[in-house]
Structure formats: C-alpha cells, structure tokens
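Below, each chain spelled out in residue letters.
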Amino acid sequence: MERLIFVLMRVVVTLKPGVQDPEGATITDSLQRIGFASVNRVTVGRHFDIEIPGRDEDRIRREVEKMCESLLVNPVLQDYHIERIQGPQPAG
Amino acid sequence: MGSEPRMASWEEAGLTAKEYDEICEQLRRPPNALELGMYGLMWSEHCSYKSSLLHLEQLPTEGERVLQGPGENAGIIDLGDGLAAAFRIESHNHPSAVEPVQGAATGVGGILRDILAVGARPIALLDSLRFGNLHDSRVEHLFSGVVSGISQYGNSVGVPTVGGEVYFDDAYADNPLVNVMCVGIMSTEQLTRGTAVGPGNPVYIVGAPTGRDGIHGASLLASRQLGDGDGDMRPAVQVGDPFREKLLIEGCLEMLQSDAVIGLNDLGAAGLTSAASETAARGGTGMDIDIRAVPRRESDMTPYEIMLSESQERMLVIGRRGCEEEIEETFRRWELDAACIGKVTNDEVLSIRDGERILAHIPVQSLTSGAPRYDRPTRPPSDCAAREAGAEEIPIPHDAGDALLQMLSHPNLCSRRSIYRQYDHMVGIDTVLTPGADAAVLRIKGTERGLALVTDGNGMLCRLDPERGAAQTVAESYRNICAVGGEPLAVTNCLNFADPEHPEVMHAFQQVVQGMARACRELNTPVTGGNVSFYNQTLDRGIAPTPVIGMVGSVDDVSRCPGRGFQRPGDAVLMAGQINTAKLAASQYLNIMHGLQEGPVPEVDYDAERRAGELCRRAIMEDAVHSATDISDGGLMIAVSECGAASDEGLGCRLDLTDSRRPDELLFGEGGPRYLLTVPEDQIDTLVCLARETQCPVERIGTVGGSEVQVHVNGELILRASVPSLCRARGEGLT
Amino acid sequence: MQFCVVTYPGSNCDRDCYHVIGEVLGEPVRYLRHWAEHVPRGTSCVVLPGGFSYGDYLRPGAIAARMPVTGAIEDFAAGGGLVLGICNGFQILCEAGLLPGSLIVNDHLAFSCLPVHVRVEGDPSPFTHSLKQGEVLRMPIAHRDGNYRPPSDGAQPQVALRYCSPAGELGEDYNPNGSQYSTAAITNERGNVMGMMPHPERCAESILGGEDGMRVLQSAVDWWKEVGSYGI
C-alpha cells in the first residue's frame, strides 16, 4: 500500500496593528518588571499546524487560505500568514 | 534484588510484598502485569480506603431524609415534594500541587460527573481551598492557578460556583488542598445507581477518547507523598475539556428520561478499571470488556494504558439490551461517541479481552472488597500543642481600631470578592445568596423553597485538638446554615491528612472521625459520603489534620433569607447564643496578631448549638430580622465589620457592651454558637418570645446607624472606624 | 409574541432565558436547536443566550457563527425579525457579521462576574423602546471576553447601553472590561438586532436581587405590540 503523503502548514495569526492587545501589554509589563528593561513591546498571536494529505503545495496553500478566511481568522481584528513547515513527505 | 522483575512490578504498582502475596492467594495464581496494574489501582489508598475504612464505620449514615448513603457516587437526601438533592465533596490535592490550573479544573470535572452519575442535574459548586503563605511566590502561583482552573472549568460548563472557603497557613505551603463539592437536584424517580445488572446488557463508554493522561494518578499521585522530583509526574496530570463535560451532562440527563439506561458511573480516578469493577461489584455481577472497542486518542496504546488511563470527560453507561440504537442516537445528537465495549455477565468476574485473547480475568470482589483493611498504629503527639494560651501575657492593644483593620486585611479574614468575581456564581438563575454570605442559598424553581450550602474546615483547631476541632468544624457548618435560615440536613466530608503510616497522623485521623461522628449524631446531620485524602505530605512536612465538611440544609421560604448586611438605621443589634463565653485561646486574633496557634479548643455544647440554631432559623423564617450572621473566625468585630461592609447603604452601628473582660477578648474572642441579628424595634418582642421558647439567651448589644462602627464598653468609647475604612481594609488582603 | 431561544451545544444560559421569557415575561417560548435550518414561522424574536457555544477554544462565538442555525437567524434578521444576543450571543452576532466590531479579552484578562450599571443611549431600538435616554439600569455581567472593539474601518456602531456609575456618569472606573467608549450593548443600523454583554435574564426577578433585566425584554414586547414588525 502506498504511504500517505502530506504537507504540514502553519498558520500564524496576529493582531492587526493598532488593535488593543491586553495580553501583550500585560506580558510586556511583567517582563519589564522582572528586569528585562530592554523589552519594547510584546504582541500575542496564535498558530495552527495543519496536516493535509497531498503533494500539490500550491493547492494546499490555497485551501489553507480558505480555512483562514472562513474560520481561523477574525478579519476585523487579525492578520495571518501561512508557512510551510514540512513536506510533502510520507506520514508516520 | 532490583533486577528481579516480580519485585519491581508490585512496587511499580504501588503495592507491598504482603499485598502481592494476598493477591496471589485470592487469585490462586500470580497476576500478570495488566492484572497487577489493576490491583495496584483498586487497592491503592485512594480507591480502597484501606487505612481509613475501619474508622469511618463510626460515622452516622442514616436518617429519615437519607435516600442514599456512602458507597455510591454521591449521597442523596429527600427534600419532599418528589425532589431530592445529591451531593458530594472530593479532593484534588495532589494533581493541583503538580499542575494547579488543570489539577483544579479536572477536580471540578470529576465531582460534576459523580453527581451526574446518580441522575441529578448539577446546580452548584463550592470549593474549599488551602494554601501556604501568600508571600511565597510558589504559593502565589498555586493559588492563582487553582482559582483560574476552577473559573475556566466551572464557568464554561455552566454550573455556578456559589461558595467555599480559602485559608492560608504555612502548614499547606508544600501541599495545597483543593476540595470541591457539587450539589445536584433531581426528581426522586430519576435516582440512578452506579450498578451493572442484567447479564447480557451492553456496556458503553461515552465521551472523550481514551488517552495516556493520568496513568497512575490514583495509585501514585494520590496515594503517596510528593517529593522533589515531582516535575517528572507532570505527564500524568489530566487536561480538562469543559465543553465535552457540558455535552456529557446534557446527553446523560436526556438519556435518563427514557429507561434505556440502567446504570451510570464516572470514569475518574482509576479509570475504566474502577468504573467497571465498582459497577459490577454493586450489581453482584461481572463484566466482559473488549479493549479493542475502546476509542483511543493515540493508536499505539497498550491494554495496560487503556485500563489505567484517567482521561477526563468519560462515563460508563450500562444500557438495556435492545435499546442500543436509542442510546447511540441520543449521544450522537449531543456530539458524543458512545462505544459499546462489552457486556454485563453473571460470573462475578471482570474479564478484559483483546478480541478473542483474554488479557485479565479477576473476580470482581477481589478487586473491590477484597482489598486489605489496615488498623494502622496510632500514637498521641509527643509535642502536645494544646496548652493554655498565655493570654494574660499578651499586651492589650493600644488601639483596638488599628488591630481591627489589621485583622480585616489579613488574607484569612479579608473579602474574597477578588476570587469569586472570577467564578460565574449566577448561571442557572437560582443563586439567592451569593458568595460572601454565611452560606449560599439556591432557590428551587417553581417552589418557595431552597437549599442552603456551605463548606467549612479548620486545620488550626484540628491540629490543637483533633477531636474537638472536628466537632467544631461540624458545628461551624451548622451555624452557617442556620444563619441564613436553613435547617441543616446532612453532611459530606473530605478528610485531608498526611501520611497514614505515621502513628501520630493516624491518631489525629481517628480522633477527627470520632469528633465528627459525635457532632453529626448530636446535630442530626448524618454523613452521606465523602472522600479521604492521605499523603498530603512532602518529605517530613505534613499538613495539619484538615477535615472539610460540606453541609446541605433546606430553606422553607427563600424570600426570607436576609443576608448579613445592615439594612436600616435604628434596628436593634442583638446577640444570640453563648454570649459571654468567647476566649482568645485558639483564635484567629492570637494567630494573626501574635503568631500563636495555641490554647485549648472549646468543647461543643450541643444543647446550646441546637437552641441557638433554632432561634436564628425561626427568627428568619418568621421575618423578624433584617440581617443575620454567625460570629466565627476573628470574633465579634470581624462579624460586625462584615455586616457594615455588606450594607448597601454603608451603614455602621454603635455597640454598647457591659463587660469586665479584656477588650481584645471581648472584641476578637471566639467560641460557641453566637449569632448577630439586626431586628426592627417592633420585632424585638418576637425575639424575646423566641428566646423563651427555644431557651436561648438573647441580648441587645447596640443599634444600627451612622457610617461608623463604634464600640463603647462600660460607657467608654474604645473603638471607632468608618465603614469605608473597613471596606478598604477588607479589600486589601488578597491583592 | 413568540420567542425562540437558540441552544448551541455549549450554551449554558439557554434554560435561564427560556425560564424568564416563559415564566416571568409570560410570552410563548421554544428552543431552537443548533442543527435547525430555519427559524420557525411565527417567531418574533430570537434570543442567542450566553455560554461557551462550542467551548470557545478558538475565539468566542467563532464556530457557532458558522453553524446553519446562525445563517437562518441572519435571514430572519434580514426579514426584520428581532434578534437579541446576550454575552456569548453578542460574541456570535459579531463573529457572524450581524453586528459590527468584535469582543476581545477583558483589559484585566480575568473573568468577571459582578453587577454593573449601564446607561440607556439615544439610538432607537425595539430593545430600548420603553426606556428613557439617560436612564440607568443595574445588571450583572459574567464574561472574560467583553471588551468591545469597533470595526477597523472607523465606522461607529449604534450604541444602546454604556457602562456607567450608579448616577449615570461614564468613566474608566465604571468600565468593567476596557470596552471602547464604555460600550455595553450595540444594535445594527436598523435596530432590530442587539448584542449586549450584561445578562438581563439574571436580574428579572426580585428574589435574585433586581428586575431591571425585565425592562429590556418588556421593551421588545411593548415595541412589538405598539409598532409591530418592520413592515414586512
């Protein structure tokens, strides 16, 4: 049997510039308070690693873009970009 | 020796050589590795109660209201009108010490499923928490983690967290206590048991797939001491999924509307092994399970891992033969997997198969009631800490007002608002008295009635005198219920102790159970279940003996529940109960202001308790009072300050006391049942009559009014503080 | 006036809303399950209750906003039906685009369950129809993500309620979550869709400490009787 070939894509979601980021602000403060005075600003984001079977990276990237626009990203607040982490390569 | 496989394996399973021999005898052969692992779980302290059971038999467990006592997933009491309340408290101390957020969260999840398992809808959570000194950053991390775990899980699953307690003492620095109580409500017809009956009936596992989480949680985490290397135990801690829990609650409750389900049981500590053997043991049956049918999160799991996994949000469902389709369809609608993993048998054997291959074959009774019972040696403590407090040697405070503010801002006495505002205490729209009250009160929709709920513990008193301390803990819970107008009905308990193999610990345990048994008998509040948590010890430092009581009371008319805040200027301030017996010995005043935890613990005067409780309850139900509270930790002045702080109008009061005692004893002394009631002038006669009828002393000590608390003793002003300054002090303790 | 209360699998204020509408407000009410594809005919108002609709692990309301029933509610709103989103319901309405902007984590990052005061603002809506501009109501909040952010295009939403002092003053001290301009509730342009973070169903009975929540629900009923539908 042929082994499953897949691509692993990472979606990184960040807040749009200018959107209030209470988590980032709190972490910035905390880092400065414990001695990392050089920290200017921390912003908090999130990533999703998505495993999709197939070899055609372009097609898969387009599919992931659709996922971002339909669920993973709130376009009012967030920006995103997609990175290829692995593949195409056999699973397992 | 270490290389001998037999030796390594029983120790890995958390058993002793003698217990291993006992297993061989009961099985009439040596167990294989899987069987040994299953015994390790079921014979662990956590599951078998092997060190405590002999003592627990003393507890009164029966009463006219008790529908179901200990031994099931939860105790159940009859509320009348076809309604019943199910409740239980359980510890999640060890998991919370290792990973506070998930440890506390899964503690909430586990107790919810215990209530669900008896067929009740969970309607309230209470948390009894104990930590070390907050100045320690490690303690701060544990504290904020536990609060956040409770908040994340409870809020999401939609069961309100309506009460509880938090206490800080060095005794808990290495071993925090996280005890969670859940209360559910049900119609008496819906009572479900965790029983597997009817050979041939299908057995389902419903909910989350089984993963590698929590393996050895019961046998190792909760049945031994924590050491320095406990970072390594982290993978064993489970992660909670409150969303799936919510689906389980709704799915199971819908399932119980039909008769397709015969029994329910949580897969909690000890996972499938425990759920299968307990349900079969209760039903006097056996069970045949094919582990191939168990849905898994990872594909390469061994039978050992599947049987020992403590993955959360799973229930064992014993169905009725012929109803398979209905069961699967109902759960599917709630987006839950229901996998049929086997069937009930009549051979009283728990049989685990992988397809056709038999992997384990153990008589059910051997796993459950076959566990050893230990009468562990006891020895009274060598440094008997209970001695007369040298109260005369303590300087009388220069400024009683300063002392009061200092007491109020201590973490043990200050406002808990910064904690409970993180808990959704209102979802379900039944919460009549919210956290911050003496006891929480929940209405029962469609009736005038309600439930009064409280948890209480006092490690300091129990360390000084385990028997009296335990009795005082029960009495204090009783007072809290009476102070909101409730009639105390029954208790559940969580007994938190250090290493039971230490004779002094076991001595304290035995004394605590004795004190609790007497108090529960005297106050007519039978024990319907509970939990024992031993090994709350790190190296040679053990916790104070800490029995935590969860008490349930019934309220006849929730619209009369007054709360403790001062309501109207001109109301008389009355004290009812044992008015002049409070002492500084074993008080929070000595502890906080002088760093002394000593003094004889007063004995509970049960006649006085019953009389004072009845007076307070009747005064409330006859609508004679505007506010009521019980005077406990910190004494009279803490209670008065709380009444001022809880007043919507910021009202204070003027107290006029005639007394020859030291002022600090008068203001901050503790002991005995004492209720602080405020009563409109035209109701004072009602109180006088009630005092006569109940034979409970009542005395007027002051008048509500102004925006200050003033205390005059023998005509002289000795304390004066504005209500805003009291509120400020109370708000400072936990920031 | 027929109400429907939507139940997503993780809704947990659905039973509370159902109780208050049926037993306290005294109007006919039924549940609308998350798999439904249509709002039943004859429905006047759909309520999206609070809770954690799909666990809210991604973003609050994000998954619920993409369920078929939410599409049906969109059609219903487009036809002029009244839609009230409470707490998680408000978050779902923003995620679904029925209301502008979004709700992010509170500025202090913690869950807050406590009573707050809100002031009625001027923009007309059936849900504030019977209330006077400037009137102050006391209602509880219970959320972690209630910090309102308007859309990035600079458009300002129609505000129905703002957090305020008991006397009706605005200010940081009275803003429990950092919402821009102390926004507690907004409506769409037409006014028939409202999202609010406070829980009216939790303060609809005096035994629970207040009845101000009834004023909002009663407004919708009054409006329906006086004005009727949006003329469709």
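Residues numbered from 1 in each chain as written. Chains lettered and ligands numbered in written order. Predicted model: local features only at pLDDT ≥ 70, side-chain atom pairs only at ≥ 80, totals over all residues.

Peer 1: Just checking my understanding: could you explain the overall build of chain C for this structure?
Peer 2: When you go through chain C residue by residue, the secondary structure sums to 4 helices and 11 strands. The globule rule puts the C-alpha radius of gyration for 232 residues at 17 Å, and the 16 Å found for chain C is close to it. Counting only C-alpha atoms and orienting by the principal axes, one finds that chain C spans roughly 45 × 40 × 35 Å. Taking all 232 residues of chain C together, 60% fall into the buried category. Excluding contacts between residues fewer than 6 apart, the proportion of contacts in chain C whose partners are at least 24 apart in sequence is 76%. (Helix = DSSP H or I, 4+ residues; strand = E, 2+ residues; numbered from the N terminus. Rg over C-alpha atoms; globule rule 2.2 N^0.38 Å. Buried ≥ 20, exposed ≤ 12 C-beta atoms within 10 Å, placed from the backbone. Contact = placed C-beta atoms within 7 Å.)

Peer 1: I would appreciate a short explanation of the interface of chain C and chain A in the present structure.
Peer 2: Bring the parts together and some accessible area is lost; that lost area is often taken as the interface size. Each partner contributes to the interface: chain C provides 14 residues, whereas chain A provides 10 residues. Tallied by class, residues from the side of chain C that touches chain A come to 5 nonpolar, 4 polar and 5 charged. (Nonpolar A, V, L, I, M, F, W, Y, C, P; charged D, E, K, R; others polar.)

Peer 1: What am I meant to see in the arrangement of the chains here?
Peer 2: By contact count, the dominant pairing among the 2 pairs of chains in contact is that of chains B and C. Note that chain A does not reach chain B: the shortest distance linking a C-alpha of one to a C-alpha of the other is 12 Å.

Peer 1: Help me understand the pairing of strand 24 (residues 653-657) of chain B in this model?
Peer 2: Sheet faces and side chains relate simply in a regular strand, where the side chains alternate between the two faces. All names here are of chain B. Looking at chain direction, strand 24 and strand 26 (residues 698-704) are connected through 3 bridges and run antiparallel. Each bridged residue has a counterpart across the sheet, and for Leu-655 the counterpart in strand 26 is Gly-702. Pairing geometry for strand 24 and strand 27 (residues 708-713), over 5 bridges, is parallel. Paired with Leu-655 across the bridge in strand 27 is Val-711. (Pairing = 2+ DSSP bridges.)

Peer 1: When you look at the environment of Leu48(C) in this model, what are you seeing that I'm missing?
Peer 2: All names here are of chain C. Its place among the elements puts Leu-48 in strand 3 (residues 45-48). Once the C-alpha coordinates of Leu-48 and Cys-87 are considered, the two residues, 39 residues apart in sequence, prove to be 8.6 Å apart. Setting aside residues no more than four positions away along its own chain, Leu-48 makes contact with Val-6, Gly-85, Ile-86, Gly-89, Ile-92 and Leu-93.

Peer 1: Is there a simple way to explain the environment of Phe509(B) in this structure?
Peer 2: Residue and element names in this part refer to chain B. Its place among the elements puts Phe-509 in helix 19 (residues 503-522). Overall, the presence of 26 C-beta atoms within 10 Å leaves Phe-509 in the buried class. C-alpha separation for the pair Phe-509 and Gly-733, spaced 224 residues apart in sequence, amounts to 32 Å. Once residues lying within four places of it in the same chain are set aside, the contact partners of Phe-509 are Ser-52, His-55, Phe-497, Pro-500 and Pro-545.

Peer 1: Would you explain the pairing of strand 4 (residues 82-86) of chain C in this entry?
Peer 2: All names here are of chain C. Here strand 4 lies mainly inside the structure; 5 of its 5 residues are buried. Side chains Leu-82, Leu-84 and Ile-86 project from strand 4 onto one buried face, and the interleaved Val-83 and Gly-85 project onto a second face that is buried too. In terms of strand pairing, strand 3 meets strand 4 through 4 bridges, oriented parallel. In the strand pairing of strand 4, Val-46 is matched with Val-83. Note that the unit made of strand 3, helix 2 (residues 68-78) and strand 4 has a crossover that is right-handed. In the sheet, strand 4 pairs with strand 11 (residues 193-196) via 4 bridges, with the strands oriented parallel. Bridge assignment links Gly-85 to a residue of strand 11, and that residue is Gly-195. (Right-handed = clockwise from strand over helix to strand, strands pointing away.)

Peer 1: Got a minute to help me understand the confidence of the model for chain B in this structure?
Peer 2: It should be kept in mind that the predicted coordinates are not to be read in detail where pLDDT is low. Residue and element names in this part refer to chain B. The predicted model of chain B averages 92 in pLDDT, with 95% of residues at 70 or higher. Segment residues 1-7 is flagged for pLDDT under 50; beyond a separation of four residues in sequence, or across chains, it makes 2 contacts in the model. Confidence drops under a pLDDT of 50 for residues 231-235, and excluding neighbours within four residues, the segment shows 4 contacts in the predicted structure. (pLDDT = per-residue confidence, 0-100.)

Peer 1: Whenever I open this one, the sheet that holds strand 8 (residues 261-266) of chain B confuses me. Can you help?
Peer 2: For sheets, the rule is that strands pair by backbone hydrogen bonds, running either parallel or antiparallel. Residue and element names in this part refer to chain B. Here we have 7 strands laid out as an open sheet, ordered 8-10-7-11-9-12-13, and mixed in their pairing. At either end of the open sheet lies a strand with only one pairing partner, and these are strand 8 and strand 13 (357-363). This sheet shows a mean twist of 25° between the axes of neighbouring strands, independent of strand direction. As paired strands, strand 12 (residues 349-354) and strand 13 are joined by 6 bridges and run antiparallel to one another. The residue bridging Arg-353 from the neighbouring strand is Ile-358, located in strand 13. Sheet contacts for helix 7 (residues 100-117): strand 8 and strand 10 (314-319); angle to strand 8, the most-contacted strand, approximately 160°. Contacting strand 7 (202-207), strand 8 and strand 10, helix 10 (residues 242-255) crosses the sheet at an angle of about 145° to strand 7. (Axes fitted to C-alpha atoms, helices over the stretch in contact; angles between N-to-C directions.)

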